[in-house]
Amino acid sequence: AEVLGKNPRILKSGKHDAKFYRRMWETISGGEVWHGHFINRRKDGTLYEEDATISPVHDATGKIVNHVAVMRDVTREIHLEAQLRQAQKMEVVGRLAGGVAHDFNNLLMAIMGYSDLALKALPSDHPQRRYIEEVRAAGGRAVLVTRQLLAFSRKQLLQPQVLDLNSLVTNLGKMLHLLIGEDIRLDTMLDSALGRVKADPGQIEQMITNLAVNARDAMPEGGTLTIQTANEELNETHASQYEEVIPGRYVLLSITDTGVGMTAEVKAHMFEPFFTTKEPGKGTGLGLPTVYGIVKLSDGHIAVSSEVGRGTTFKIYLPRVEEAAEAIRPSAASADSPRGTETILLVEDEEQLRNLTRMVLEECGYTLLVAGNGAEAIQLAKQHKGEIQLLMTDMIMPEMGGRVLAPLLVALHPDVRVLYMSGYTDTTTLRKEMLAAGAAFLQKPFSMDFLTCKVREMFDAQPVRPQQAEGSVTSA
């Protein structure tokens, strides 16, 4: 009754110009069938997309007496296609970012390692000391950038544990207050019956911090930042609207600001590395891409709603688990460099990093056999008359990676321990193959003090036998 007798122009959305409609009418008025795509408006004002075929109907004399239109709503298909294209683009950019971070980590290891050695060699009152300290500090800031790139590209090795998000948010409260400033009010709405999630606590803290910083910058005149938690069930209908979302039980972490909001164009690019709307020097453009990477690494889903002048809401869905929450593990640290006399086979294809690591470990009393690739390492191991107690090998090297080298070396020296190193890791593989087996791993870049502590820890621990890898790990 609402549409009888009315012209179809009541559906017009304003998204098509007069030329579009003129061509359509010229086609069907000429007795031909028109195929096309409409963006039209529903009764409630929302837009939908449809594929249409409009055909003329002729009487016995061939005169056009009316038209028949067959239209199919393809809004959901168009939405999913756009999500797929975005996901494919992000995957390509992620691979590039991960590759850059891998190479950059090797450089940072050399910069920071040699800076540490120089600082140890200089007396505290040496006039040149402050210059080296600045180099070391700049290296530390660069490490944060590579970690953000690795988080975005989903190439970080996680240390997941069962978490209570309410406790994590509460513990972050004081820091968040300092971070957002006095002119922004922080509200928390935490579900007392909240389920548990399994994620890396450091990564989740970084994600919340990045979103808080983003919200602060969106509210230059002050406002309200609201952090909310809740249990959510994502059904088939909801999951079908998004790429890679599995129906099930989730914990929702919602972060809302009352800031300036985002345009559709900004939303389309917000998770891309180095994209920023801030002034030069005010941001790296890695905050939201890092959040995106952390969510995906945690097998989660992120949804964003924003309107110019009305603020932004980030909704993060993390899979719910039934286990009890664990206490957050503190990071181990040591002020001394432990010493030893064991024999270590070091395999590293980056010459600067290889020389640095050798120098540091030899100063700690260890005997070093050094190789630049896997084949050279096997040859050294065959020629060596004594025992080799530890293999330190980069995961990714030309021709033969660490996961292939390690089992071959174990065959020659059955009691050898293995310590893998890398600045670029395939977490999907490693989380299953390495962490489950208890294998030892060092994520580059790491400090020389941390290295010496880890090496000593390896000798004091029970050895873990590496299993034969299915294929080699190589780099292009």
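Residues numbered from 1 in each chain as written. Predicted model: local features only at pLDDT ≥ 70, side-chain atom pairs only at ≥ 80, totals over all residues. Heavy atoms only, no water.

**Re the overall build of the chain**
Helices and strands together make up the secondary structure of the chain, namely 13 helices and 15 strands. When each of the 476 residues of the chain is scored for burial, the buried share is 43%. Sequence separation of 24 or more characterises 70% of the internal contacts of the chain that already satisfy a separation of 6 or more. (Helix = DSSP H or I, 4+ residues; strand = E, 2+ residues; numbered from the N terminus. Buried < 20%, exposed > 50% of the residue type's maximum accessible area, 1.4 Å probe, protein only. Contact = heavy atoms within 4.5 Å.)

**Side note on the sheet that holds strand 3 (residues 64-73)**
Taken in spatial order, the 3 strands line up as 1-2-3 in an open sheet, and their pairing is antiparallel. Looking along the sheet, the strands with just one partner apiece sit at the ends: strand 1 (34-41) and strand 3. Averaged over neighbouring strand pairs, the angle between their axes works out to 35° when direction is ignored. On top of the sheet, helix 1 (residues 18-29) reaches strand 1, strand 2 (47-58) and strand 3; it is set at about 140° to strand 1, its chief contact. (Pairing = 2+ DSSP bridges. Axes fitted to C-alpha atoms, helices over the stretch in contact; angles between N-to-C directions.)

**Here's the deal with the confidence of the model for the chain**
Taken as a whole, the chain shows an average pLDDT of 81; of its residues, 79% reach a score of 70 or greater. When pLDDT is averaged over each helix and strand of the chain, the minimum, 51, is found for helix 12 (residues 427-435) and the maximum, 95, for strand 11 (residues 343-347). Low pLDDT, under 50, characterises residues 329-335; the stretch is placed with 4 contacts to residues that sit more than four places away or in other chains. In the predicted structure, residues 466-476 sits below a pLDDT of 50 and forms 28 contacts with residues beyond four places in sequence or in another chain. (pLDDT = per-residue confidence, 0-100.)

**Points about the packing of aromatic side chains**
What the rule picks out here adds up to 6 aromatic pairs. The interplanar angle of 85° and the centroid separation of 6.0 Å between the aromatic rings of phenylalanine 20 and tryptophan 34 together place this pair among those described as edge-to-face. Placement of the pair is phenylalanine 20 in helix 1 and tryptophan 34 in strand 1, with a sequence separation of 14 residues. Exposure class is identical for phenylalanine 20 and tryptophan 34. Each is buried. Note on tyrosine 250 and tyrosine 317: the rings are 6.4 Å apart at their centroids and 90° apart in plane angle, and the pair reads as edge-to-face. Note that tyrosine 250 is positioned in strand 8 (residues 248-257) and tyrosine 317 in strand 10 (residues 311-321), a separation of 67 residues in sequence. Exposure class is identical for tyrosine 250 and tyrosine 317. Each is buried. Here the aromatic residues Phe20, Tyr21, Trp34 and Phe38 are joined through ring pairs into a cluster of three or more. Against the face of tyrosine 21 rests lysine 12, its NZ or CZ located 4.2 Å from the ring centre. (Phe/Tyr/Trp six-rings, centres within 6.5 Å; stacked < 30°, edge-to-face > 60°. Lys NZ or Arg CZ within 6 Å of the ring centre and 35° of its normal.)

**Quick look at the pairing of strand 12 (residues 367-371)**
Buried residues dominate strand 12, accounting for 4 of its 5 residues. Bridge analysis of strand 11 against strand 12 gives 5 bridges, and the strand direction is parallel. Bridge pairing in strand 12 links isoleucine 344 to leucine 368. A crossover links strand 11 with its parallel partner strand 12, the connecting element being helix 9 (residues 351-363), and its sense is right-handed. (Right-handed = clockwise from strand over helix to strand, strands pointing away.)

**A few points about helix 9**
End to end, helix 9 covers 18 Å across 13 residues, agreeing with the expected 18 Å (1.5 Å per residue, within 8%). Those residues of helix 9 that fall on the buried side of the exposure criterion are Leu353, Arg354, Leu356, Thr357, Val360 and Leu361. Projected down its long axis, helix 9 shows its buried positions confined to an angular sector of 165°, all on one face. Residues Glu351 and Gln352 are exposed on helix 9 and point more than 90 degrees away from its buried face. Taken from the residues just after helix 9, glycine 365 is the one with a positive phi, measuring 100°. (Expected span 1.5 Å × (residues − 1). Arc of directions from axis to C-beta.)

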